[in-house]
Each structure stands twice: as structure tokens, then as C-alpha cells.
Amino acid sequence: MNRYPMQPTDPRIRAYTEDHILTFLAELHERGRKFGLIFPSATTDRTLDGRMLVCFNTAPASTLLNLLTLLLDADRDRDRERPCGS
């Protein structure tokens, strides 16, 4: 399936609260650990022009959502590659 990354200017970003972003970060920590990706200092930073920034080099929340989408896709692919019952 062709997906396009969410852009920092996507209007849907404005709907996410700090609690939403913290939940996404917790999921990123959990899913990333399976692939050896660890983000110990990632947290919310501040809101800029109505968009929440994430504190790993002040990335926009869209970066977090795009990374989480990639990890979810990789997790699904990994599950498909396993033989049944293993």
C-alpha cells in the first residue's frame, strides 16, 4: 500500500494534545525497542503555531507519527514472515 508521510503542516496535527503525543511516544518506545531503536529522552517540547513539537531535535509531531507508522508496518511485515505456530 502506498502511503504518504504526514506533513508538519497537516491540519490534523493541531487536534493532538500533549496527552495524545505522550501516548504516541510511549508506543514508539515500546515498538521501537523490538527493533533496537531506543529514544530515552524523547518527550513533548512545546507548541509552535498550534502544533506540538516532540523533543528529539524539536521534531514536529508528524515526524513521530510517521516513524510510528513505519514501525507498525515493520511489525506487521515481521509477523507475516514468521511461520504459523512459532
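Residues numbered from 1 in each chain as written. Predicted model: local features only at pLDDT ≥ 70, side-chain atom pairs only at ≥ 80, totals over all residues. Heavy atoms only, no water.

Trainee: What's the story with helix H1 (residues 18-34) in this structure? I'm lost.
Mentor: Each turn of an α-helix holds 3.6 residues, which means side chains three or four residues apart point in the same direction. Helix length check: H1, at 17 residues, gives a terminal C-alpha distance of 25 Å against a target of 24 Å (1.5 Å per residue), a fit within 8%. Inspection of H1 places Ile21, Phe24, Leu25, Leu28 and Gly32 among the buried residues, and these make up the whole buried set. For H1, the angular spread of the buried residues around the axis is 105°, confining them to a single face. Opposite the buried face of H1, at more than 90 degrees from it, the exposed residues are Asp19, Thr23 and Arg33. Where H1 is buried, its residues touch strand S1 (44-48), strand S2 (51-54) and helix H2 (61-81). Phi turns positive one or two residues past the end of H1, at Gly36, with a value near 80°. (Helix = DSSP H or I, 4+ residues; strand = E, 2+ residues; numbered from the N terminus. Expected span 1.5 Å × (residues − 1). Buried < 20%, exposed > 50% of the residue type's maximum accessible area, 1.4 Å probe, protein only. Arc of directions from axis to C-beta. Contact = heavy atoms within 4.5 Å.)

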